[in-house]
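Structural characterization, general
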Amino acid sequence: QVQVVESGGGLVQTGGSLRLSCAASGSIFSINVMGWYRQAPGKQRELVATIIGSSTNYADSVKGRFTISRDNTKNTVYLQMNSLKPEDTAVYYCYADLRVSRSSSYTDYWGQGTQVTVSS
């Protein structure tokens, strides 16, 4: 049994900051990629940021404002969001590509999502 749980969403004014966290727990052998996607109403889910090892990747729309980091001892990934804009409003989903044993293939696991709302 593997769980991926996000937290830290909420309501913030334009220019404010939020820090999202996501912890993967359960029977985990190893984790490859961890990252964040977001989905606004009526839109496709889009990549926000990913991290593998010390290598990070960001969507152009969040570069310079968001920072992804990872604590491997806790199987936790964070997303520090600064200078938030109304267009950042979305449900943010945590993603983990992991395997549960040495003989298992890597499988995608998703969190339940956390709402981020940025008001003017």
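Below, the structure is looked at part by part. (Residues numbered from 1 in each chain as written. Predicted model: local features only at pLDDT ≥ 70, side-chain atom pairs only at ≥ 80, totals over all residues. Heavy atoms only, no water.)

Time to look at the overall build of the chain. Along the chain, the regular secondary structure elements total zero helices and eleven strands. Element order for the chain, N to C, with α for helix and β for strand: β-β-β-β-β-β-β-β-β-β-β. The dimensions of the chain, computed from C-alpha atoms along their principal axes, are 50 × 25 × 25 Å. When the 120 residues of the chain are sorted by exposure, 40% land in the buried category. Restricting the contact set of the chain to residue pairs at least 6 apart, pairs at least 24 apart contribute 56%. Taking the average place of the 11 positive charges on the side chains of the chain and the average place of its 8 negative ones, the gap between the two points comes to 4 Å. (Helix = DSSP H or I, 4+ residues; strand = E, 2+ residues; numbered from the N terminus. Buried < 20%, exposed > 50% of the residue type's maximum accessible area, 1.4 Å probe, protein only. Contact = heavy atoms within 4.5 Å. Lys, Arg positive; Asp, Glu negative; His and termini not counted. Charge placed at Lys NZ, Arg CZ, Asp CG, Glu CD.)

A full pass over the atoms with the stated rule returns three aromatic pairs. Centroid distance Tyr-37 to Tyr-95: 6.0 Å. Interplanar angle 80°. Geometry classified as edge-to-face. Placement of the pair is Tyr-37 in strand 4 (residues 30–39) and Tyr-95 in strand 9 (residues 90–99), with a sequence separation of 58 residues. On the accessibility criterion, Tyr-37 (22% relative accessible area) is partly exposed. Overall, Tyr-95 belongs to the buried group, its relative accessible area being 13%. (Phe/Tyr/Trp six-rings, centres within 6.5 Å; stacked < 30°, edge-to-face > 60°.)

Moving on, we come to the environment of Thr-117. In this structure, Thr-117 sits in strand 11 (residues 114–119). A residue is classified by how much of its surface remains accessible, and Thr-117, at 28% relative accessible area, is partly exposed. Taking the C-alpha atoms as reference, Thr-117 lies 20 Å from Gly-64; in sequence the two are 53 residues apart. Sequence-distant contacts of Thr-117, defined by excluding residues within four places in its chain, comprise Gly-10, Leu-11, Val-12 and Thr-89.

A few words on the environment of Phe-66. Checked against the element boundaries, Phe-66 lands in strand 7 (residues 66–71). When its relative accessible area of 3% is taken as the criterion, Phe-66 is described as buried. When the C-alpha atoms of Phe-66 and Leu-98 are compared, they prove to be 24 Å apart, with 32 residues separating the residues in sequence. Phe-66 has contacts with Arg-38, Val-48, Tyr-58, Leu-79, Gln-80, Met-81, Asn-82, Leu-84, Asp-88 and Tyr-92, leaving out every residue within four places of it along the chain.

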